[in-house]
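Summary of structural features
Residue-level listing of the chains:
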Amino acid sequence: QVQLVESGGGLVQAGGSVSIACAASGRSLSTYAMGWFRQAPGKEREFVAAISRTGRSTYYADSVKGRFTISRDNAKNTLFLQMNDLKPEDTAVYYCAATSQTLVSTRSNEYNYWGQGTQVTVSS
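Since this is a predicted model, take the numbers as computed values, not measurements.

The rules behind these values
- Residues numbered from 1 in each chain as written.
- Predicted model: local features only at pLDDT ≥ 70, side-chain atom pairs only at ≥ 80, totals over all residues.
- Heavy atoms only, no water.
- Phe/Tyr/Trp six-rings, centres within 6.5 Å; stacked < 30°, edge-to-face > 60°.
- Helix = DSSP H or I, 4+ residues; strand = E, 2+ residues; numbered from the N terminus.
- Buried < 20%, exposed > 50% of the residue type's maximum accessible area, 1.4 Å probe, protein only.
- Lys NZ or Arg CZ within 6 Å of the ring centre and 35° of its normal.
- Pairing = 2+ DSSP bridges.
- Salt bridge = Lys/Arg side-chain N within 4 Å of Asp/Glu carboxyl O.
- Disulfide = S-S within 2.5 Å.

A word on the packing of aromatic side chains. For the structure on display, the rule yields six aromatic pairs. Look at tyrosine 32 and tyrosine 113: their rings are 5.8 Å apart centre to centre, the planes differ by 80°, and that puts the pair in the edge-to-face class. Here tyrosine 113 lies in strand E10 (residues 113–114) and tyrosine 32 lies in the loop between strand E3 (18–25) and strand E4 (33–39), a separation of 81 residues in the sequence. Judged by relative accessible area, tyrosine 32 falls into the buried class, the value being 1%. Through a chain of ring-to-ring contacts, the aromatic side chains of Phe37, Phe47, Tyr95, Tyr111 and Trp114 assemble into a single cluster. Over the face of the ring belonging to tyrosine 95 we find arginine 45, whose NZ or CZ atom lies 4.0 Å from the ring centre. Above the plane of the ring of tryptophan 114 lies arginine 45, whose end atom (NZ or CZ) is 4.6 Å from the centre.

This part covers the pairing of strand E9 (residues 92–99). With seven of its eight residues buried, E9 lies for the most part within the structure. Judged from the seven bridges that link them, E4 and E9 form a sheet pairing that is antiparallel. Note on E9: the bridge partner recorded for methionine 34 is alanine 98. In terms of strand pairing, E9 meets E10 through two bridges, oriented antiparallel. Bridging across to E10, alanine 98 finds its partner in tyrosine 113.

Here we take up unusual backbone geometry. Unlike most non-glycine residues, asparagine 77 shows phi in positive territory, near 55°. Positioned with a positive phi, aspartate 85 is a non-glycine residue whose angle comes to about 50°. With respect to the element layout, aspartate 85 can be found in the loop between strand E8 (78–83) and E9. The class of aspartate 85 is partly exposed, set by a relative accessible area of 41%.

Enumeration over the complete set of coordinates arrives at five salt bridges. Between arginine 38 and aspartate 90 there is a salt bridge, with the nearest N and O atoms lying 2.9 Å from each other. Within this pair, whereas arginine 38 is found in strand E4, its partner aspartate 90 is found in the loop between E8 and E9, the two being separated by 52 residues in sequence. Given a relative accessible area of 0%, aspartate 90 falls into the buried group. A salt bridge links aspartate 90 to arginine 67; its shortest N-O distance comes to 2.7 Å. Taken together, the positions of aspartate 90 in the loop between E8 and E9 and arginine 67 in the loop between strand E6 (58–60) and strand E7 (68–73) put the pair 23 residues apart, joining distant regions of the chain. In this structure, aspartate 90 and arginine 67 share a single accessibility class: buried.

Enumeration according to the criterion identifies one disulfide in this entry. Each sulfur of the disulfide joining cysteine 22 and cysteine 96 lies 2.0 Å from the other. On the sign convention where negative means left-handed, the S-S torsion of about 50° between cysteine 22 and cysteine 96 marks this disulfide as right-handed. Linking cysteine 22 in strand E3 with cysteine 96 in strand E9, this pair joins segments that are 74 residues apart in sequence.

Next comes the structure, spelled out in C-alpha cells:
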C-alpha cells in the first residue's frame, strides 16, 4: 500500500505559475499509474492529468492542455504537476492519486490511493 502526500500550491496571480508535488512512501511509485484531480468549492472532483508508470504516456483534461505538465521521478518516488498561465477557474484543492491498473485512467473511481490534497488559489 502506498501513502501519498502533496506539497506546494498556495496563492498565485492569474497568468502565473506554480508547481505541486506528490511524495509517495510505503511502496515504489513505479508500481502505479498516477493522476492529478482537483475539486473546487461546490463542484465535483474532476480529472486534470494522468501519467503512465514509466512516464512515457500522459493525458490531460482539455481545460488544462497546453498549460499544465505532469511528470514523475520514480527514483525519487515523486509525482509533479507544473501549472502555467493559471486562471481563476483553476482554483481548487489538487489531489494526487495512484491506480494499480495497468492502463492510465481519467476516472477517479479507478484510483485506489489518494493524497490529502493541496490548495491552489488563483487571484484575478
